[in-house]
Structures are given as structure tokens and as C-alpha cells.
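Geometric and topological summary
Single-letter residue listing:
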Amino acid sequence: MTSAVPLPPPASVLDLAPAAVVPVVVVEDAADAVPLARALVAGGLPAIEVTLRTPAALDAIREMSGSVPGAVVGAGTVISPEQVTACARAGARFLVSPGWTDVLLTAMRACGLPFLPGVSTTSEVVALLERGVRDMKFFPAQAAGGTGYLRSLAGPLPQARFCPTGGIGPDNAPEYLALPNVRRVGGSWMVPAEAVAARDWSRIEGLARAASRLSAGGTCR
Ligand code: 3PG
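The following refers to the structure shown. (Residues numbered from 1 in each chain as written. Predicted model: local features only at pLDDT ≥ 70, side-chain atom pairs only at ≥ 80, totals over all residues. Heavy atoms only, no water.)

1. Thoughts on the packing of aromatic side chains
The geometry of an aromatic ring pair is captured by two quantities: the separation of the ring centres and the angle between the planes. Per the counting criterion, the structure on display carries two aromatic pairs. Between F138 and Y149, the aromatic rings sit 5.6 Å apart at their centres with planes inclined by 15°, giving stacked as the arrangement. Here Y149 lies in helix α6 (residues 146-154) and F138 lies in strand β7 (residues 135-138), a separation of 11 residues in the sequence. In this structure Y149 comes out as partly exposed when scored by relative accessible area, which is 23%. Taking 6.2 Å as the distance between ring centres and 70° as the angle between the ring planes, the aromatic pair formed by F138 and F162 counts as edge-to-face. (Phe/Tyr/Trp six-rings, centres within 6.5 Å; stacked < 30°, edge-to-face > 60°. Helix = DSSP H or I, 4+ residues; strand = E, 2+ residues; numbered from the N terminus. Buried < 20%, exposed > 50% of the residue type's maximum accessible area, 1.4 Å probe, protein only.)

2. So, the sheet that holds β7
Taken together, the three strands give an open sheet; going across it, the order is β6-β7-β8, and neighbouring strands pair in parallel fashion. Because the sheet does not close on itself, it has two edges, and the strands there are β6 (118-119) and β8 (161-164). Across two bridges, the pairing between β6 and β7 is parallel. By the bridge assignment, V119 is partnered in β7 with F138. (Pairing = 2+ DSSP bridges.)

3. Some points on helix α5 (residues 122-130)
Within α5, burial applies to V125, A127 and L128. Taken end-on, α5 shows its buried residues confined to a sector of 165°, consistent with a single buried face. In α5, the exposed positions that point more than 90 degrees away from the buried face belong to S123 and E130. In this structure, the buried residues of α5 make contact with α4 (102-111), β6, β7, α6 and β8. The positive-phi residue at the C-terminal boundary of α5 is G132, with phi of around 85°. (Arc of directions from axis to C-beta. Contact = heavy atoms within 4.5 Å.)

Structure representation (C-alpha cells):
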């Protein structure tokens, strides 16, 4: 699908929820979706990225969006226009991709939801800026160069704003959030797979609460 008329970029994902940390979740069983989202919201992390890596993902997005007040549920690992449509229909409020193409970007723009296309190289950043996109996911953050790489981009490309994801945890999140071109980070550290499998929602809420104290500027609030 292509668009003859360039569409304006939608509102930033940053406008949807103020928390500096976006939990990235993998839901194997849709029955876990609502209690998991409740735990994250109660812990202070309302913006939740549900990855499209499991058959339960779309149901999870639907149930979290429909049943958890305060949750701002988005879809992650979105890599096709068909997935863009399916996620929007399921109630996703934002879209995240690990990388991008013009086909994907056009579909994300046309659907009207805020989106974070993924980049890992300078040329990809420049290409997105050329297309009017300033908010990007930096993925896989640690493997692609980490804070040193992002710091190096801040001088020549100050317009670009990043949500680094991949290999980030409580120890290095503050260093990312201290960068001038980072206002939030994504990660799965507050939703350990074994805690989800054990339905240990209070542990997840506690991990979320600790993560919610992080804020851009590298400080705790
Ligand atoms: C992912 O690939 O699942 C996300 O980028 C999260 O990565 P993480 O598990 O390293 O936080």
C-alpha cells in the first residue's frame, strides 16, 4: 500500500503516557493479559508494549485495552501492513517495529496511531528524518552500540529522539535516560518470564514500581 499524499506524522508515543519506561511483554496465554496489565499499571507503568510473537498477542491487546483502566496498550514487533490493521482493530494505541520499510511506514502513518519505527544505523535515522519521523526505537540497543552510539548521534542529529530497547535493565536504564536524545526506554526486565508463568503479579507490580521511579534525565523521581 502506498500513499500519494504525504500524511502528517501522528502524535508522539510520548504524548500517550508520561512514564519513562515501557514494559515489553510476551503473552503466551491470553488469560494472563488482564492481571499482567493491572500489575504494570498499579506499579506505575501504564504504557505497555505487547509483542506480536505469540498467537495470544492480539487477544492480549484486546483484553488489556478493554478491561484495564489506565492501560495504554500498544503492539510491538509489528512488521507488516496486515499486522498494523489487525493491531488497530484489536485496540492498540501505538505501534512499535524493530525496523522499518517504506511499505510499513506508509501503513503505520495511514492507520493514524503513533508509531515508533526501529533503527540501528545512522543512515536509517537520516532516512526517517527525511520522511518526517523524529521518534524512533533504537534496537537492539545494547548490541547496536548502546549509550555510546546514541550519544554520538546527539550532536549531528539532534532532531532524532530515541526509545532504546534490547538489553536494557535497571542497571543501565539510568545511563540511557540521561542522554539528551532519550526520553524513554523499553525493556522486559520487569516482566520476567518465570514470574508470568507463576502468575506472580505482585512481584511484577513491585518490579514495575521500581522501574517507574526512573525518569528522563537519568534520575529517580
Ligand atoms: C525484545 O526484543 O523483546 C525487546 O527489545 C526487549 O528486549 P529485552 O528483553 O532485552 O529487554
